[in-house]
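# An overview of the molecular structure
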Amino acid sequence: MVTFTSSGHVILSASLDGTVRAYDLNRYRCFRTLTSPRPVQFSCVAADEFGDIVCAGSKDTFEIFVWAMKTGRMTDLLAGHEGPVSAISFSSTKSQLASCSWDKTLRFWDVFSEKGGVETVQMTSEALTMAYSPGGTCVAVSTLDGKILLFDVQTATQIGCVEGRPHLQAGRHVDDKVTAQQLSSTVSFNSLCFTADGEYILAGGRSKFVCLYRCADQILVKRFQLSRNKSFSGMKKFLHGKNMSEAGPLDLISDDEEDDSHHLKLPGVTKGEFSSRRTMPEMRVRSLQFSPTGHSWVAACTEGMLVYSLNATLLFDPHDITTEVTPEAVETALAGGDHLTALVLSFKLGDVALTQRTLEAVPTNN
């Protein structure tokens, strides 16, 4: 798990090795290593708005560890969850930490108080991830039953619920024995992100679709299909019978006659056999994030890093760029009469307006 501090100069990473490391992006080095008094496995990490307090949730001891960034010492240990801590997040408006767990609870912690007050909200299913709204007034929690629950922070009550499973529409894998309709009852969201104004929420999970919901009405505004690549597993709604044989799906049968080793996939295993080359990765969304302006958002998925924007054209799409390739270099080349160099530099920058101006500056007798 990786997260930035509010200043943007420090990045925090939590690992299953029981450490939380802080990296300075100006010097590109690790300047602080936060450890626990006993071996644990960290699954999530968060920092407050000032970057002074760092918290990490464990998946084996069900506790939340609190450190001071300046000293590197552990200041508090928050216990109360009865299951793995799936996500934690600080409020952007007040000193409050929210955590959700597989024990079907959402807890609000007062980290900076000496009494360490905590408020518990019971849910109907296991929590997978959560996100604070930019104003800090609402918390969205994704549960294992495919729902997005909205809670009011002040009253700690549920104010909305989004049924997401009908919108995800999971596809069939090559070795699935059930239909896509039955598989849709097992999918859920594992990434949530609010817009800058907090009116909409973006959700993605084990599906090729990303859904945009309006928080006030809990309705689907738009659904984005990230990929149409049929080489990914889980993209097809129906499987063709000609791809089946007595030995199983043809896509899973090796063409090498000497390779007789065929490992069956265990239930719940998504990684596969590490010693074999995986030819059909599963299409899923790992993370979603909105830009501060709200004009674009990015999705990290099996297809790669996909950017969606409201702008019709890309403002900056460089190619083979170096430190010498700048708009100033193009202007200098044009002023010196080197139109060929200016044209090549403008092509590398990918700026349409600059390329057009460079072409128009080329004399007709050149």
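Structure shown above.
A few points on the structure. (Residues numbered from 1 in each chain as written. Predicted model: local features only at pLDDT ≥ 70, side-chain atom pairs only at ≥ 80, totals over all residues. Heavy atoms only, no water.)

What follows concerns the overall build of the protein. From N to C terminus, the protein includes five helices and 25 strands. Considering the protein as a whole, with its 366 residues, one finds that 42% of them fall into the buried category. Contacts in the protein between residues far apart in sequence, at least 24 positions, make up 40% of those at least 6 positions apart. Accessible area of the protein: about 20,800 Å², with a carbon and sulfur share of 52%. (Helix = DSSP H or I, 4+ residues; strand = E, 2+ residues; numbered from the N terminus. Buried < 20%, exposed > 50% of the residue type's maximum accessible area, 1.4 Å probe, protein only. Contact = heavy atoms within 4.5 Å. Areas by Shrake-Rupley, 256 points an atom, 1.4 Å probe, with all protein chains shown as cover.)

On the secondary structure map, K237 appears in the loop between strand 20 (219–225) and strand 21 (244–245). Between the C-alpha atom of K237 and that of Q169, which follows or precedes it by 68 residues, the distance is 8.6 Å.

This part is about unusual backbone geometry. Generally, phi is negative for residues other than glycine and the peptide bonds are trans, each holding for most cases. Despite not being glycine, Y28 has its phi angle at roughly 55°, a positive value. Its location among the elements puts Y28 in the loop between strand 3 (19–24) and strand 4 (29–35). When its relative accessible area of 72% is taken as the criterion, Y28 is described as exposed. Positioned with a positive phi, Q218 is a non-glycine residue whose angle comes to about 55°. Residue placement: Q218 occurs in the loop between strand 19 (209–214) and strand 20.

Take the sheet that holds strand 13 (residues 127–132) next. Strand pairing in a sheet relies on backbone hydrogen bonds. The paired strands run either parallel or antiparallel. Read from one edge of the open sheet, four strands run 13-14-15-16, paired in antiparallel fashion. Only two strands of the sheet have a single partner each, and these edge strands are strand 13 and strand 16 (157–163). Neighbouring strand axes in the sheet, compared pairwise and without regard to direction, differ in orientation by 20° on average. As paired elements, strand 14 (residues 138–143) and strand 15 (residues 147–152) share five bridges and run antiparallel to each other. Within the sheet, the bridge partner assigned to A140 lies in strand 15 and is L150. (Pairing = 2+ DSSP bridges. Axes fitted to C-alpha atoms, helices over the stretch in contact; angles between N-to-C directions.)

The complete set of buried residues in helix 3 (residues 327–335) reads V330, A333 and L334. When helix 3 is viewed along its axis, its buried side chains cluster within an angular range of 100° and face the same direction. When the buried face of helix 3 is taken as reference, the exposed residues oriented beyond 90 degrees from it are E328, T332 and A335. Structurally, helix 3 contributes buried residues whose contacts are with helix 4 (339–349) and helix 5 (352–361). Of the residues one or two after helix 3, G337 is the one with positive phi, at around 85°. (Arc of directions from axis to C-beta.)

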